[in-house]
Amino acid sequence: MLVIVVENAPPRLRGRLAVWLLEVRSGVYVGTYGRRVREMIWGQVVAYIEEGNAVIAWAAPNDAGFAFDTCGKHRRVPVDFDGFRLVEVLPLPTRKPDSDPDI
């Protein structure tokens, strides 16, 4: 099983994904492919994501039963924790205070 979720993806990328995978919800694509096709599809996501972001998850023979990767601009970053892959959520960017607080 292969799942790709995209946010703010350009229409060109969404069309490419729809050729290979079934879009079950807006931006959520599923299918069943082997490693070579999965890597080809993910390569296209990485190449065409532009300002959006994406995550891919697939069945894998590990303790979790799946593996995943991400690309694009987002706050969730995969980290390795003792051989187990987890997701770190980065803090929101700090907002600069207004230039004149007296107004």
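From a predicted model like this one, the values you see are computed outputs, not experimental measurements.

A. Quick look at the overall build of the protein. Check the secondary structure of the protein and you find two helices and seven strands. Along the protein, helices and strands appear, N-terminal first, in the series β-α-β-β-α-β-β-β-β. By the compact-globule yardstick of 13 Å for 103 residues, the protein is too spread out, its C-alpha radius of gyration being 17 Å. Its C-alpha atoms give the protein principal-axis dimensions of about 60 × 40 × 20 Å. Across the 103 residues in the protein, those meeting the buried criterion constitute 25%. Long-range contacts, defined as pairs at least 24 residues apart, comprise 39% of the intrachain contacts of the protein with a sequence gap of at least 6.

B. Here's a closer look at the confidence of the model for the protein. With 92% of its residues at a pLDDT of 70 or more, the protein shows a mean pLDDT of 87. Per-element averaging of pLDDT across the protein places strand β7 (residues 84–89) at the bottom with 78 and strand β3 (residues 28–31) at the top with 97.

C. A look at a nonpolar patch on the surface. A cluster of nonpolar side chains, contributed by Val-19, Trp-20, Tyr-33 and Met-40, occupies part of the molecular surface with about 370 Å² of accessible area. The exposed category is assigned to Val-19, whose relative accessible area is 66%.

D. Layout of the pairing of strand β1 (residues 2–7). Here β1 shows a clear split, with Leu-2, Ile-4 and Val-6 buried on one side and none of Val-3, Val-5 and Glu-7 buried on the other. Relative to β3, β1 runs antiparallel, the two sharing four bridges. Note that in β3 the partner of Val-5 across the bridge is Val-28. The pairing of β1 with strand β4 (residues 53–59) spans six bridges and is antiparallel. Considered in β4, the bridge of Glu-7 is made with Asn-53.

E. Local environment of the packing of helix α1 (residues 11–20) against helix α2 (residues 35–48). Axis separation between α1 and α2 bottoms out at 9 Å; the angle between their running directions is 170°. In this view, α1 runs roughly antiparallel relative to α2, as classed from their interaxial angle. Contact residues: α1 offers Arg-12, Leu-13, Arg-16, Leu-17 and Trp-20, while α2 offers Val-37, Met-40, Ile-41, Gln-44, Val-45 and Tyr-48. Here the contact of α1 with α2 is built from residues that sort into eight nonpolar, one polar and two charged.

Rules behind the numbers
- Residues numbered from 1 in each chain as written.
- Predicted model: local features only at pLDDT ≥ 70, side-chain atom pairs only at ≥ 80, totals over all residues.
- Heavy atoms only, no water.
- Helix = DSSP H or I, 4+ residues; strand = E, 2+ residues; numbered from the N terminus.
- Rg over C-alpha atoms; globule rule 2.2 N^0.38 Å.
- Buried < 20%, exposed > 50% of the residue type's maximum accessible area, 1.4 Å probe, protein only.
- Contact = heavy atoms within 4.5 Å.
- pLDDT = per-residue confidence, 0-100.
- Patch = residues over 30% accessible without salt bridge, like charges linked within 9 Å, V, L, I, M, F, W, Y side chains within 5 Å.
- Areas by Shrake-Rupley, 256 points an atom, 1.4 Å probe, with all protein chains shown as cover.
- Salt bridge = Lys/Arg side-chain N within 4 Å of Asp/Glu carboxyl O.
- Pairing = 2+ DSSP bridges.
- Axes fitted to C-alpha atoms, helices over the stretch in contact; angles between N-to-C directions.
- Parallel < 35°, antiparallel > 145°, perpendicular 65-115°, else oblique.
- Nonpolar A, V, L, I, M, F, W, Y, C, P; charged D, E, K, R; others polar.

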